[in-house]
Amino acid sequence: MKKVSSYSQAVNEWQWVIPQQFNMGVCICDAQDQSAIALIVPQKNRTQFEYTFGDLRKESNKLINLLLAYGVSQGDRVAILLPQKAETLIAHIACYRANFIAMPLAQLFGPDALEHRLTDSKASVVITDLAGCRKLDEVKQPLPNLKLILSLDGKNECTSNNIKDFYSEMSRARDIFEPVLTKSSDPALLIYTSGTTGNPKGALLPHRTMIGHIPGADFIFDFLPQPGDVMWTPADWAWIGALMDSAMPALYHGIPQVVNPPGRFDPEKAFDLMDNYGVRNAFIPPTALKVMRQVNEPRKNWNYNLRSMFSGGEALGTSLINWGREQLEVTINEAYGQTECNLIVGCCSSVMTPPDGSMGRAIPGHKLRILDDIGNSMPLGEIGNICVKSPDPVMFLKYWNNPEATKEKFITDSRGDQWLNAGDKARIDENGWLFFIGRADDVINSAGFRIGPAEVENSLLTHPAISMSGVVGVPDELRGELVKAFIVLKDNRMASDKLATEIQNHVKQRLSAHEFPRAIEFVDELPMTTTGKIQRRLLRNRNKH
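Okay, so let's go over this structure. (Residues numbered from 1 in each chain as written. Predicted model: local features only at pLDDT ≥ 70, side-chain atom pairs only at ≥ 80, totals over all residues. Heavy atoms only, no water.)

The next thing to look at is the pattern of salt bridges. As enumerated under the stated definition, the model contains 15 salt bridges in all. Lysine 389 is the salt-bridge partner of aspartate 417, the closest N and O atoms lying 4.0 Å from each other. Remark: lysine 389 occurs in strand E18 (residues 384-389) and aspartate 417 occurs in the loop between strand E20 (410-412) and strand E21 (418-428); sequence separation between them is 28 residues. In this structure lysine 389 comes out as partly exposed when scored by relative accessible area, which is 21%. (Salt bridge = Lys/Arg side-chain N within 4 Å of Asp/Glu carboxyl O. Helix = DSSP H or I, 4+ residues; strand = E, 2+ residues; numbered from the N terminus. Buried < 20%, exposed > 50% of the residue type's maximum accessible area, 1.4 Å probe, protein only.)

Quick look at the structure:
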């Protein structure tokens, strides 16, 4: 998107160009200057290792040829269970160029979460490391569709007999491959998103989703690309916000990006990284920004020079935006979206100043309305569902193996037009500013992660002391919300702080380090509907008293 002087100009001048044939991997790799720097990998001595786009193309060619040799076919799902590493993006690029379907998996996932996603998707391959192999060893159910595990740490001590060493296998593969000619509507990416009932659903995204993300990425980074831009995010690339709002747009525009070092987020190291590696554009989730705000007068120790920044996943609040202007010397742009239809609302500080409490306006190219449950437009200022007109280039194709859920995601208005219902409530004012009100469902939004209570409840029920559980999100200053579990114990068990800690560790190890209940309340019974469903609304209300 070219730089403009107003929001209305950006809207009026944006036009979608969606070719019939389009390959996401080709546009972010082959179509770039092969000698240009694509990735900057920080080293322990504060130096850097660089990958050019030509390096990414050759390495992805090797990986494609390797996977083909093991019988992986077009349309097969390739799970990518890795932190931010060059190999992570090489795997993505390989999948897109070969017409495999990339399936990113968060490093925080435990064996239960992995088991569902790998089983439901019938993934053929997992590309991972030692930590991932250890979790796969704990998966209880057989994975008959899994042909190959490629480990960056070699065979290691894990027991799976289909683990191969990533680097030794790559060393034998040819670095020449002609990318598959794909349609823009062909599936490219499968990301599982949490829901309120049942297991997480796989949102299947097409190659054109890359094009669909571009106006949003350009907008929230104050008109990408500009000379000297360098991208960075500390967020996990398995999350669509980090992958498609940051990593992929950087590749698309030929912008170098800094690969985030492994380990826990450290605010002082974040300032040092931005200074040492010349970061100009950053996506930093609100929780990380709140931690960075605790560093006193960072300008005294670091000489960072940001041009643009965006944050999303939860509301920022005025105080955090003001801190960003004072200490980061940028206006942090907010953005909103979800896996099924991402980056559809946002701000661009170059041309707009949102009123307090607003998450922005519709990104140029996307048509949004606030509708009721049957497709009627809500009057200005009244609360309704955030809905996006279909078709839209950024919109998902369907939920994997779940046609009923796909159908339920859409509303048809009186004119017969289809609208994707984001499942969140908002209101809109006369100037088009959107104000987020809350979720229409029970998904918990903690530190930018959308957490489905049903998955946490299912994991809780595997603990021998628990008879029933209900999980909700409760307000938390740092994370926005935290996961709270209301637990009914079996008759022979007594409530105690020790048992609560044991239960927390059980979920943390079995499911995920970001989904375990940080608060536990033992109760005698749970509020239920006549059909046996937990009334989570009543649990949330109970927490207020």
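So much for the structure itself; the text now carries on.
For the rest of this paragraph, the subject is the sheet that holds strand E25 (residues 466-476). What the 3 strands build is an open sheet, ordered E25-E26-E27; its pairing is mixed. Single-partner strands in this sheet number two, and they are E25 and strand E27 (519-522). Across the sheet, the axes of successive neighbouring strands diverge by a mean angle of 25°, strand direction being ignored. Sheet analysis places strand E26 (residues 480-489) next to E27, joined by 4 bridges and oriented parallel. By the bridge assignment for E27, alanine 485 is matched with isoleucine 520. Each of E25 and E26 touches helix H14 (residues 453-460); the most contacted strand, E25, lies at about 140° to it. Most of the contacts of helix H15 (residues 497-510) go to E27, to which it runs at about 130°, and overall it touches E25, E26 and E27. (Pairing = 2+ DSSP bridges. Axes fitted to C-alpha atoms, helices over the stretch in contact; angles between N-to-C directions. Contact = heavy atoms within 4.5 Å.)

Here we come to the environment of phenylalanine 53. You can see phenylalanine 53 is positioned in helix H3 (residues 53-69). Here phenylalanine 53 falls in the buried class, since its relative accessible area comes to 0%. Put simply, phenylalanine 53 and serine 512 are 459 residues apart on the chain and 34 Å apart in space, counted from C-alpha to C-alpha. Beyond its immediate sequence surroundings of up to four residues, phenylalanine 53 is in contact with Ile28, Cys29, Gln32, Asp33, Gln34, Ala36, Ile37, Ala38, Leu251 and Gly254.

Let's shift gears to the layout of surface pockets. Taken as a whole, the largest pocket encloses approximately 1800 Å³ of empty space. The wall of the largest pocket is formed by 47 residues, among which Pro234, Asn260, Gly263, Arg264 and Phe265 lie closest to the centre. Put simply, the parts of the chain that give the lining of the largest pocket at least two residues each are strand E1 (37-42), strand E2 (48-52), helix H4 (86-98), helix H10 (267-276) and helix H11 (286-292). Top contributing element to the lining of the largest pocket by residue count: H10, with 5 residues. A breakdown of the residues in the lining of the largest pocket according to their chemical character gives 26 nonpolar, 9 polar and 12 charged. (1 Å grid on protein atoms, 1.4 Å probe; cavity = no way out; pocket = protein on both sides within 12 Å on 5 of 7 lines; lining within 4 Å. Points joined across faces, edges and corners; volume = space filled by probe spheres on them. Nonpolar A, V, L, I, M, F, W, Y, C, P; charged D, E, K, R; others polar.)

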